[in-house]
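Structural characterization, general
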Amino acid sequence: MQYRKLGNSDLSVSLVALGTWGLGGGSVWSDHDSTEAEAKNLLSACKEYGVNYIDTAPVYGTGESERLLGEALKGRRHDFVLQTKCSLNWRNEGGNFHYSRDGYTVNNDTRPEAIARDVEDSLRRLETDYLDSVIVHYVCKSFPVCDTVEALERLKEQGKIRAYGLSNSQPKDLADYQNAGGHVDTVQEFFSILSPFHGRDYFPECKKYGATFQTYGVLEEGFLTSPAFMERTFRKTDIRSRIPWVQPEYKTGLREAFEIWEPIREAHGCSFPQLFEAWALKQYPNMSLLVGMRKPANVADNAKCLDLVLTPDELAAMEEAAKPIQVEVLDK
Ligand SMILES: NC(=O)c1ccc[n+]([C@@H]2O[C@H](COP(=O)([O-])OP(=O)(O)OC[C@H]3O[C@@H](n4cnc5c(N)ncnc54)[C@H](OP(=O)(O)O)[C@@H]3O)[C@@H](O)[C@H]2O)c1
């Protein structure tokens, strides 16, 4: 494993990070609800393969991802850099309506009192007294950025958080946070070979402020793990039934792209996840690969993406194959 500083912070994080949206289960990841034993085994695999950076959020499984991690982290909290999120909550205390799901109404609220409550709720569910990093889950234009920045900086002073970042945002948002006196260490945005444009627009701003760019969806929720994945069916509520790659017009293109990617994969004797992760790492120098994993075997597999060296011709051929089906925005 390799490690880098997270943005301008002192935190040393593994290039491959554990994403735990799926761990939370519920109707969006409807094929499996993880158990405490599975969460513990997952973190043991992370420890074994050097993955020290964990990402979660209050809304993943409406508290369940954080609760499972809290259990699994007992006795080894200091081995990991723990990141959760703020702004989306289901307390019904105001903010903007974001979505209704599984009997909960989730609002987006970036006012200082909401951010402070979010952090307290996460500390309780995660059974810890500090969070290494907190990401504003959905940057929101309704409330003054300077107030949100002040709240985040205060939490840092109090030792409750060590760093913070933004998600579902635009490059201008990063500049606004910095200009309001903020210190944004991470930007977490969707990025994959099938949807690279938003990230590429963002890289110059991240570079300017020294922020780490953290991918989400680098494997397109599983659709880039193998050609067979797109033949699976998912419940209507499942996130994977709602993204473009399940549509017949995209499926044909994705199958064709896999035919071009397959010989590259075979030449390196690697897995498809490793291939797309290695491609992503080459797109920006301070890249953090956040990958959703529920199985120890996937941790072992993804950790090896760092050993894979793709030639410039292979990188170009991979993207050329993706071009006919690349999308600007992934509305998940
Ligand atoms: N900020 C945001 O709004 C936002 C949005 C989406 C996601 N995220 C974060 O980003 C993380 C990653 O995104 P994601 O989980 O949606 O999608 P993803 O990382 O693109 O894909 C995850 C899927 O790939 C599978 N997978 C991973 N490694 C594999 C391997 N080596 N072999 C075979 N299959 C493999 C996983 O299977 P298993 O589940 O079976 O292990 C899971 O189904 C999330 O978990 C979450 O932490 C943030």
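For the structure itself, consult the block above.
So, here is what we can say about the structure in this document. Every chain begins its residue count from 1, and numbering advances along the sequence as written. Two thresholds apply to this predicted model, a pLDDT of at least 70 for residue-level local features and 80 or more for giving and counting side-chain atom pairs, whereas whole-chain, interface and lining totals are computed over all residues. With hydrogens and water stripped out, all remaining heavy atoms of the structure feed into the side-chain values.

**Focus on the sheet that holds strand 7 (residues 96–101)**
- The pairing criterion for strands is at least two bridges between them, as found by DSSP. Segments assigned H or I by DSSP are reported as helices when at least four residues long, segments assigned E as strands when at least two residues long, and all are numbered from the N terminus. Strand order across the open sheet formed by three strands is 6-8-7, with antiparallel pairing between neighbours. Pairing within the sheet leaves two strands with one partner each, and these edge strands are strand 6 (88–89) and strand 7.

**A closer look at the pairing of strand 9 (residues 131–136)**
- Counted residue by residue, strand 9 has six buried out of six residues, so it is predominantly covered.
- Summarising the sheet, strand 5 (residues 81–86) and strand 9 pair through four bridges and their orientation is parallel. Within the sheet, the bridge partner assigned to Thr-84 lies in strand 9 and is Val-134.
- Inspection of the sheet shows strand 9 paired to strand 10 (residues 161–167) by five bridges, in the parallel sense. Looking at strand 10, one finds that Val-136 is bridged to Leu-166.
- You can see the chain leave strand 9, run along helix 4 (residues 145–157) and come back into strand 10, and the turn it takes is right-handed. Summary of the burial criterion: residues with accessible area below 20% of their type's maximum are buried, those above 50% are exposed, and those between are partly exposed, where the area comes from a 1.4 Å probe applied to protein chains only. Orienting the strands away from the viewer, one traces the path from the first strand over the helix to the second; a clockwise path indicates a right-handed crossover.

**A few points about the site of the ligand**
- Surveying the vicinity of the ligand reveals 29 residues, the closest of which are Asp-55, Gln-188, Glu-221, Arg-294 and Lys-295.
- Measuring from an oxygen atom of the ligand, one finds a side-chain N or O atom of Asn-168 at 2.9 Å.
- Here a nitrogen atom of the ligand sits 2.8 Å away from a polar atom, N or O, in the side chain of Gln-188.
- Taken by itself the ligand offers 900 Å² of open surface, and the protein chains cover 92% of this.
- Only strand 13 (287–292) and helix 9 (296–303) provide two or more residues apiece to the shell around the ligand.
- Three categories are distinguished: nonpolar for Ala, Val, Leu, Ile, Met, Phe, Trp, Tyr, Cys and Pro, charged for Asp, Glu, Lys and Arg, and polar for the others, with Gly belonging to the last. By residue class, the composition of the shell around the ligand is ten nonpolar, twelve polar and seven charged. We call a residue near a molecule or strand as soon as one heavy atom of that residue lies within 4 Å of the molecule or strand. Under the rule applied, a polar contact is a pair of N or O atoms within 3.5 Å (in protein, one hydrogen donor and one hydrogen acceptor; residues adjacent in sequence only if both atoms are side-chain atoms). Each accessible area is a Shrake-Rupley result for a 1.4 Å probe, and residues are judged covered by the shown protein chains and nothing else.

**Remarks on empty space enclosed by the protein**
- Only protein atoms enter the calculation, which uses a 1 Å grid: trapped sets of points that fit a 1.4 Å probe without letting it out are cavities, open sets showing protein on both sides within 12 Å along at least five of seven lines are pockets, and any residue with an atom within 4 Å of a point is a lining residue. Grid points are joined across faces, edges and corners, and a volume is the space filled by probe spheres set on the points. Following the criterion strictly, the structure yields two cavities of 30 Å³ or more and no others.
- In this structure, the largest cavity spans a volume of roughly 90 Å³.
- Along the walls of the largest cavity sit Trp-21, Gly-25, Val-28, Val-59, Gly-61, Thr-62, Tyr-99, Arg-101, Asp-102, Tyr-104 and Val-106, which together make up its complete lining.
- Where the lining of the largest cavity is concerned, the elements lending two or more residues are strand 7 and strand 8 (104–108).
- Of the residues that constitute the lining of the largest cavity, the class distribution is six nonpolar, three polar and two charged.
- Each pocket or cavity is described by its volume, and for the second largest cavity that value is around 40 Å³.

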